[in-house]
Amino acid sequence: MSTTRVRAIIRKELREYRRNRAIVVTMAIVPTVFLVEPLIQIFNLPASSAGTLAHKHPLLYMLGIPALAPALIAAASVVAERQQGTLEPVLTTPIRRDELILGKALAVLVPALVVSYGVFGLSIAAIELFAQAPVASAVLRGPELLAQLLFTPLLATWSIWVAMAISARSSDIRVAQQLSTLASLPSVLVSALVSFDVIHANLRLAVSLGIALLLLDRLGWWVVSALFDRERLITGTRS
Amino acid sequence: MTLGRSAAPDGRGGGAPALVVERLTKRFGERVAFQDVSFEVGQGEVFGFLGPNGAGKTTTVRTLGTLIAPTSGSATVAAVPLTPENGVEIRRRIAIMPESPGLYLRLSVAENLECFAGLYESPAPHERIGRALEAVNLVDRAGDTCGALSKGLRQRVALARALVGDPEVLFLDEPTSGLDPVAARDVEDLIDGLRQRGVTIFLTTHRLDEAERVCDRVGILNTTLRMIGRPADLREQLFARTLAVRTLAPLADPDAVFRGLPGVESWHQDRSGAYLISISDSSRAPPAVTRALVQAGADVLSVAESQHSLQDVYLELIDEDVELNARRR
């Protein structure tokens with residue numbers, strides 16, 4: 001594993017994002033739109049309803065952002081380069097497929113974390129500013145803040161691997177993006193079910209999910225690398 | 001030309017050929033891309049790989065560049081056997097410039113090269129980038145966004161990108177495709193400069209005049225390798241040497257003039273009225289023919305040896321294949 005080659009890919013990808021800021025902005029738009037309605041509900045809750053929030057975890061609803069946000073960019077990462085003809089020159093260099101995959105994944109993870117933590121931070125600030133004080137105290141609980149911090153990279157990484165696996169096997173960028181968005185919905189659903197206490201959140205569940213995601217993230221790297229077939233990507237036929 | 005390949009620290013290559021290809025075949029299912037291709041390319045040689053569209057040239061380059069796996073046969077690329085395990089080592093020693101430049105259009109020229117310097121783990125990336133840009137005369141365009149460059153300039157950036165890795169063997173796939181004559185000449189000059197530095201160049205091209213100018217040897221591929229050799233040797237192998245004789249008026253008895261002359265094998269008259277004489281000895285036949293014409297009282301306009309170009313060789317071989325395929329059907 002060459003960190004120089006991985007860094008070269010990350011730097012190139014981040015430069016491209018910087019030159020085309022619409023990529024990152026659009027990454028933030030969809031999750032932000034979905035947050036507006038629940039946030040307004042929280043702002044409108046009377047102070048007396050703080051007690052009813054004891055068994056709900058509205059903050060965990062925001063874990064849908066890292067599960068959903070990186071899917072579109074990650075879905076484009078391989079198939080777009082293939083369509084633009086930029087993949088072949090990269091594949092002629094000494095880079096190994098696991099290095100290329102890791103570099104691309106890390107490059108998507110950076111803006112995904114910035115968007116997820118950014119939207120999360122703004123939401124906390126808005127709740128502190130606009131919600132009734134008892135409601136704000138009931139919503140902003142330490143364990144949930146910690147869960148948000150820890151699960152955000154784990155969910156984002158999983159979403160990236162799924163989208164990149166689709167990207168490595170797709171020949172059309174639009175199909176890859178649509179499939180990747182669909183594939184990230186189960187993670188969003190689980191976050192929503194925990195948030196609405198359909199699945200009861202506790203430490204044991206958090207640790208189990210955390211370990212499962214860690215393993216899946218490691219497995220994801222391996223699986224996507226295995227799916228990355230140079231010959232198929234260059235010629236469109238299986239080796 | 002200022003770009004210089006650093007000396008191989010491990011003595012890589014030695015005196016061995018840069019490319020050794022033995023009965024290499026690639027099939028995609030039932031479709032044969034190329035088969036039973038065998039050739040060698042010496043170190044520092046410029047080898048032209050010619051053939052019609054779909055002949056398997058690009059697939060051969062991709063196979064030797066470890067992008068796709070051969071179906072059968074073997075090869076050694078830059079002294080490394082072509083096996084899946086050796087992919088990284090081979091790609092470290094070679095560079096491929098595909099037909100389409102494939103640049104990151106939102107990034108600058110220098111940023112494109114920086115990325116590839118990183119991928120090749122160049123020890124002094126900025127120095128290498130500077131030399132590569134100098135080699136293609138693009139130093140003053142380093143900060144330009146690639147999307148704003150003309151096709152010719154993009155091609156030159158792609159060439160600079162191929163040089164950043166300091167390759168032992170450089171595969172150029174149609175490097176002058178779509179370039180104007182001046183830009184194409186610049187690329188030819190660059191190829192010549194690389195040859196002088198000892199870089200082995202494997203050039204696929206449709207420009208036969210270009211191949212004739214820059215290549216030491218050429219191979220003509222049409223799924224199978226039809227011929228290989230120096231352009232002059234191919235001409236000799238394929239075409240009998242011919243003298244073209246033009247006279248002011250037709251000869252009364254040409255057979256009596258040409259028959260039995262030393263070095264003359266046969267003759268015929270073409271549509272323009274010229275006498276085309278097949279010869280076996282180019283030092284004895286022309287003087288003998290000239291003397292015979294003078295003795296016959298012919299008004300001689302010219303006696304000249306017919307010159308066949310590489311294009312004639314190419315077309316002759318490809319036409320043979322077309323005829324053969326038509327007969328099989």
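Residues numbered from 1 in each chain as written. Chains lettered and ligands numbered in written order. Predicted model: local features only at pLDDT ≥ 70, side-chain atom pairs only at ≥ 80, totals over all residues.

Undergrad: Quick rundown of the overall build of chain A? Include the residues and the values.
TA: Check the secondary structure of chain A and you find 11 helices and zero strands. For chain A, the C-alpha radius of gyration of 19 Å lies close to 18 Å, the compact-globule estimate for 239 residues. Dimensions of chain A, computed from C-alpha atoms along their principal axes, come out at roughly 65 × 35 × 30 Å. In chain A, which comprises 239 residues, the share counted as buried stands at 42%. (Helix = DSSP H or I, 4+ residues; strand = E, 2+ residues; numbered from the N terminus. Rg over C-alpha atoms; globule rule 2.2 N^0.38 Å. Buried ≥ 20, exposed ≤ 12 C-beta atoms within 10 Å, placed from the backbone.)

Undergrad: Outline the overall build of chain B, supporting the account with residue identities and numerical values.
TA: When you go through chain B residue by residue, the secondary structure sums to 11 helices and 14 strands. Along the first, second and third principal axes, the C-alpha atoms of chain B reach 75 × 45 × 40 Å. The buried share of chain B, reckoned over its 329 residues, is 42%. Considering only contacts in chain B between residues 6 or more positions apart, those separated by 24 or more positions represent 71%. (Contact = placed C-beta atoms within 7 Å.)

Undergrad: Can you lay out the confidence of the model for chain A for me, pointing to particular residues and giving the numbers?
TA: Scored by pLDDT, chain A comes out at a mean of 86, with 98% of its residues at no less than 70. Helix H5 (residues 87-91) of chain A holds the highest mean pLDDT among the elements of chain A, 94, whereas helix H2 (residues 22-44) of chain A holds the lowest, 80. (pLDDT = per-residue confidence, 0-100.)

Undergrad: Requested: an account of the packing of helix H4 (residues 71-84) of chain A against helix H9 (residues 173-195) of chain A, with residues and values cited.
TA: All names here are of chain A. Relative to each other, H4 and H9 sit at 155 degrees, their axes nearing to 8 Å. The pairing of H4 with H9 is recorded here as roughly antiparallel in orientation. Between H4 and H9 the crossing geometry is right-handed. Contacts from Ala71, Leu72, Ala74, Ala75, Ala76, Val79, Ala80 and Gln83 in H4 reach Ile173, Ala176, Gln177, Ser180, Thr181 and Ser184 in H9. Class assignment of the residues belonging to the contact of H4 with H9 gives a composition of nine nonpolar, five polar and no charged. (Axes fitted to C-alpha atoms, helices over the stretch in contact; angles between N-to-C directions. Parallel < 35°, antiparallel > 145°, perpendicular 65-115°, else oblique. Left-handed = near helix turned anticlockwise from the far one by under 90°. Nonpolar A, V, L, I, M, F, W, Y, C, P; charged D, E, K, R; others polar.)

Undergrad: How would you sum up the interface of chain A and chain B? Please name residues and give values.
TA: On the side of chain B, 26 residues touch chain A, which itself brings 27 residues to the contact. Among the elements of the structure, helix H1 (3-19), H5 and helix H11 (230-235) of chain A are those that each provide at least two residues to the side of chain A that touches chain B. When residues of the side of chain A that touches chain B are assigned to their parent elements, the largest contribution, eight residues, is made by H1 of chain A. Looking at the side of chain A that touches chain B residue by residue, the class counts come to seven nonpolar, 10 polar and 10 charged.

Undergrad: Tell me what's going on with the environment of Gly118 of chain A, and back it up with residues and numbers.
TA: Residues and elements named next belong to chain A. For Gly118, the position within the fold is in helix H6 (residues 97-130). Exposure remark for Gly118: the 14 C-beta atoms within 10 Å place this residue in the partly exposed category. Residues Gly118 and Pro46, spaced 72 residues apart in sequence, show a C-alpha to C-alpha distance of 27 Å.

Undergrad: An account of the packing of H2 of chain A against H6 of chain A is requested, with residue identities and associated values reported.
TA: Residues and elements named next belong to chain A. Closest axis-to-axis distance for the H2/H6 pair is 10 Å, and the angle between their directions is 25 degrees. Viewed along their axes, H2 and H6 adopt a mutual orientation that is roughly parallel. Here the hand of the crossing between H2 and H6 comes out right-handed. Where H2 abuts H6, its residues Val24, Met27, Ala28, Pro31, Thr32, Leu35, Leu39, Ile42 and Phe43 lie against Pro111, Val115, Val119, Ser123, Ala126, Ile127 and Phe130. A per-class count over the contact of H2 with H6 returns 14 nonpolar, two polar and no charged.

Undergrad: Let's hear about the sheet that holds strand S3 (residues 46-50) of chain B: which residues, and what values?
TA: All names here are of chain B. With respect to topology, six strands assemble into an open sheet ordered S6-S7-S8-S3-S9-S10, the strand pairing being mixed. Each edge of the open sheet is held by one strand with a lone partner, namely strand S6 (94-97) and strand S10 (224-229). For this sheet the average axis-to-axis angle between neighbouring strands, irrespective of direction, equals 15 degrees. Here S3 pairs with strand S9 (residues 217-222) via four bridges, running parallel. Across the sheet, residue Phe49 finds its bridge partner in S9, namely Gly219. Lying over the sheet, helix H1 (residues 57-64) contacts S3, S6, strand S7 (169-173), strand S8 (200-204) and S9, oriented at roughly 150 degrees with respect to S8. The strands that helix H5 (residues 151-164) touches are S6 and S7; relative to S6, the one it contacts most, it runs at about 170 degrees. (Pairing = 2+ DSSP bridges.)

Undergrad: An account of the environment of Tyr61 of chain A is requested, with residue identities and associated values reported.
TA: Residues and elements named next belong to chain A. Take Tyr61: it is sitting in the loop between H2 and helix H3 (64-68). With 20 C-beta atoms packed within 10 Å, Tyr61 lands in the buried category. Spatially, the C-alpha atom of Tyr61 lies 9.5 Å from that of Gln148, the residues being 87 residues apart in sequence. When near neighbours in sequence (up to four residues on either side) are disregarded, Tyr61 contacts Pro38, Ser191, Ala192 and Ser195.

Undergrad: Mind laying out the pairing of S8 of chain B, listing which residues take part and the relevant values?
TA: All names here are of chain B. Counting buried positions over the five residues of S8 gives five, a clear majority of the element. Across the two faces of S8 the burial is the same, with Thr200, Phe202 and Thr204 and Ile201 and Leu203 all buried. With four bridges joining them, S3 and S8 adopt parallel strand pairing. Residue pairing for S8: Gly48 is matched across the bridge by Leu203. In terms of strand pairing, S7 meets S8 through five bridges, oriented parallel. Opposite Leu170, over in S8, you have Ile201 as the bridge partner.

Undergrad: So what's going on with the nonpolar core? Which residues, and what values?
TA: Grouped together as the largest cluster of nonpolar side chains are 138 residues, with contacts concentrated most on Met164 of chain A together with Val77, Ala160, Ile201 and Phe202 of chain B. The dominant element in this core, judged by the number of residues it contributes, is helix H8 (residues 142-169) of chain A, at 14 residues. Setting aside anything within four residues of it in sequence, one finds Phe202 of chain B in contact with Leu19, Val41, Phe47, Phe49, Val61, Val169 and Phe171 of chain B. (Core = buried A, V, L, I, M, F, W, Y, C linked by C-beta atoms within 7 Å.)

Undergrad: I'd like to hear about the sheet that holds strand S13 (residues 275-279) of chain B, residue by residue, with values.
TA: All names here are of chain B. One open sheet accounts for four strands, arranged S12-S13-S11-S14; its pairing is antiparallel. Two strands bound the open sheet, and with one partner strand each, they are strand S12 (264-269) and strand S14 (300-305). Strand after strand, the sheet turns through a mean of 20 degrees between neighbouring axes, direction not considered. Looking at chain direction, S12 and S13 are connected through five bridges and run antiparallel.

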